[in-house]
Amino acid sequence: MTEFGQTSDSASSPGSFDEFELALRDALLHLRDPEFAPSGILYPVLGCSSQEGPGSVQTALIAALESFTLASDVPPDNRVVQGLRSVQRRYLLGLTQEEIADVMHVSVRSVHRMQREATYVLAQHLWQRRPRSAELSEAGVQASDWRSQTDLELAALRAEEPNAMTGVKEVIDGVLELATVLATAHGVSLNPRPIAVDLTAATHPAVLRQTIITAVKQLAPHITSKQIDIYAQMEDGVVRITLTGAVDEQRDIPGHDLVNSLIVPTGASVEIQRRRTRVFLQISLPSAGERVVLVIEDNPDMVHFYRRCTAGTTYRIVHTPARPDL
């Protein structure tokens, strides 16, 4: 079981979590740049004063990167742990993604994905530990500001990889790994139900990940069982991800507002249904055709490497051991 919940957002200073996460990513990219002017949201969340200048933000981020560790019970081979190490290598040691990929014996694509997930965890950690003086009421939310900034990031992702493909199970597994190290207010567990193994969707993995995370966070306050089940399967040629949980039969759920709060991947659709004491949120995605590649190899580590390199693409590795007698 893994835990999720909802975070209060505000778009005026200190702003929403989503705004802070975007600002954090930008600041990390310019961590050693003396001319960089960080977003104003970073100062209050990091406990810095704007009068101290950009250097205080950069110093606080370096300290956060050096000291941030995950819970001791999180296994060392957890992808978020590996992602955190790659983030530290990149921003503290100054290694390139190509150099990190060589050190970790993975593809650059895998490094990029792990670093995005680890930065999200770091952002959650810093946001939850922000000084009380930096918190504002939820009534101050300005959704248009949040959405416009998120749209810019998603547009950049689409421009970067216009034909991106996503291994749906891999994305859901990543969300589950993130949930094991995030503590949130509502404490709703995310329970994986049947997840089809070979589902590939025609969308960017980072976009789908954010859609699922936001959907869980928006559903959480309405769930009475403290558990959200997640399913994924192919139906009529469409990839369908379903989030469902028990709700109070007497309580209304703002389905229209909930659906409109999600950033939906291009070509996808979201629908929410209520059946007495249960709610169903369904994300439908265009399926991507797959190309099967037969790998004849005796070394299981090489097969694992090939699968990691092709994760999220239209290629699916089918392995068979070599037969030296043939």
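Quick note: structure is the one above.
Residues numbered from 1 in each chain as written. Predicted model: local features only at pLDDT ≥ 70, side-chain atom pairs only at ≥ 80, totals over all residues. Heavy atoms only, no water.

## A look at the overall build of the protein
Then, number 1: Broken down by element type, the protein carries eleven helices and ten strands.
Then, number 2: Expressed as a percentage of the 326 residues in the protein, the buried residues total 49%.
Then, number 3: At a minimum sequence separation of 6, the contacts of the protein that also span at least 24 residues come to 73%.
Then, number 4: Carbon and sulfur atoms make up 50% of the accessible area of the protein, which totals about 15,800 Å². (Helix = DSSP H or I, 4+ residues; strand = E, 2+ residues; numbered from the N terminus. Buried < 20%, exposed > 50% of the residue type's maximum accessible area, 1.4 Å probe, protein only. Contact = heavy atoms within 4.5 Å. Areas by Shrake-Rupley, 256 points an atom, 1.4 Å probe, with all protein chains shown as cover.)

## Quick look at the side chain of Ser284
Then, number 1: Position of Ser284 among the secondary structure elements: in strand 8 (residues 278-286).
Then, number 2: Taking the relative accessible area as the measure of exposure, Ser284 reaches 11% and is therefore buried.
Then, number 3: Side chain to side chain, Ser284 and Arg240 meet in a polar contact 3.2 Å long.
Then, number 4: In contact with Ser284, not counting residues within four places along its chain, are Val238, Val239, Arg240, Ala268 and Ser269. (Polar contact = N/O pair within 3.5 Å; in protein donor to acceptor, adjacent residues only side chain to side chain.)

## Focus: helix 5 (residues 97-104)
Then, number 1: Along helix 5, the residues classified as buried are Gln97, Ile100, Ala101 and Met104. Taken around the axis of helix 5, the buried residues stretch over an arc of 105 degrees, which confines them to a single face.
Then, number 2: Close packing links the buried residues of helix 5 with helix 4 (79-91) and helix 6 (108-128).
Then, number 3: The positive-phi residue at the C-terminal boundary of helix 5 is His105, with phi of around 60 degrees. (Arc of directions from axis to C-beta.)

By themselves, these observations are geometric and do not establish any function.
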